Amino acid sequence: MPQFLQLRWFLGALLLFAVYSTTALAQTEPDTVRRKKELPTGPVVEPRQQNRPPVVQPQDEVILPQVVKPAQEAPKALLDRMFWGGSFGLQLGTFTNISLLPVLGYRATETFWMGVGVVYHYQSHRGLSLHNYGGRVFAQQQVFNNFLIHADYEQLSVEYMAPNQSAGVYEKRRVSKGIPMAGLGYRQRIGAYGAADLLLLYNFDDSFPSPYSNPVIRAGFSIPFRR
């Protein structure tokens, strides 16, 4: 009987130890294991990623090329478009003929020039001398390469010899005469704006006492005031 009581006591103690051990293990179970047990057993759905625009870093910025507009040429001053020059003629000997035609011109465009001038002629033959003077206007249009069209009008005070019927001698007289001329020319450029011209003109009024006979050939030059 005492052995049976000891066995009964031993079994009871063993049962209490087993219950205590199970409770302690449940309390000391790691949190990670418990969390795994609490997770749903269905398929894992990952969060949907949103399409975000790429972040442009300062070194990735695209630099567009700058369009450089050609600088507009400033309008030229009046003096930059003006030129001076003219033509002259010289013949010495028994018959002396000196012609001076200075001009002051303006370049309206690179091909259209115009201007005004002064005309002076001196003629001498066998001790008789005559003087013609006046003014002129002209215009020139370059049409093809170095070729140009020239138009000219002179208003001259012309001196000439006329007979005096009553005295039976010749005496000097003077008359005002307009002389229109036009023709072709050839221009040779000198520098940026200077030029030398050779003209072949026709005198539309060569009646007496015109100082010009057809054709009228002139050589002249043009020099800008400022280069």
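Residues numbered from 1 in each chain as written. Predicted model: local features only at pLDDT ≥ 70, side-chain atom pairs only at ≥ 80, totals over all residues. Heavy atoms only, no water.

A few words on the overall build of the chain. For the chain, the helix and strand inventory stands at three helices and eight strands. Starting at the N terminus, the α and β elements of the chain follow one another as α-α-α-β-β-β-β-β-β-β-β. The burial tally for the chain puts 25% of its 227 residues in the buried class. Long-range contacts, defined here as pairs at least 24 residues apart, represent 47% of the contacts in the chain between residues at least 6 apart. Accessible surface computed for the chain: about 17200 Å², of which carbon and sulfur atoms make up 63%. (Helix = DSSP H or I, 4+ residues; strand = E, 2+ residues; numbered from the N terminus. Buried < 20%, exposed > 50% of the residue type's maximum accessible area, 1.4 Å probe, protein only. Contact = heavy atoms within 4.5 Å. Areas by Shrake-Rupley, 256 points an atom, 1.4 Å probe, with all protein chains shown as cover.)

Evaluation of the coordinates by the stated rule reveals seven salt bridges. Connected through salt bridges with shared partners, the residues Arg136, Asp152, Glu154 and Arg218 form a single ionic network. (Salt bridge = Lys/Arg side-chain N within 4 Å of Asp/Glu carboxyl O.)

It is worth spelling out a nonpolar patch on the surface at this point. Taken together, the side chains of Leu79, Trp84, Phe88, Leu100, Leu104, Val116, Val137, Tyr153, Phe221 and Phe225 define a hydrophobic patch exposed on the protein surface, amounting to about 910 Å² of accessible area. For the nonpolar patch, the secondary-structure elements that each account for two or more residues are β1 (82–91) and β2 (95–107). For tryptophan 84, a relative accessible area of 39% puts it in the partly exposed group. (Patch = residues over 30% accessible without salt bridge, like charges linked within 9 Å, V, L, I, M, F, W, Y side chains within 5 Å.)

This part covers the pairing of β1. Strand residues, when the strand is regular, have side chains that alternate between the two faces of the sheet. Pairing of β1 with β2, which is carried by 10 bridges, proceeds in the antiparallel orientation. The residue bridging glycine 86 from the neighbouring strand is proline 102, located in β2. Pairing of β1 with strand β8 (residues 216–224) involves five bridges; the strand directions are antiparallel. In the strand pairing of β8, tryptophan 84 is matched with isoleucine 223. (Pairing = 2+ DSSP bridges.)

Quick look at the sheet that holds strand β4 (residues 128–144) now. Taken together, the eight strands give a closed barrel; going around it, the order is β1-β2-β3-β4-β5-β6-β7-β8, and neighbouring strands pair in antiparallel fashion. If you compare each strand with its neighbour and ignore which way they point, the axes differ by 25° on average. (Axes fitted to C-alpha atoms, helices over the stretch in contact; angles between N-to-C directions.)

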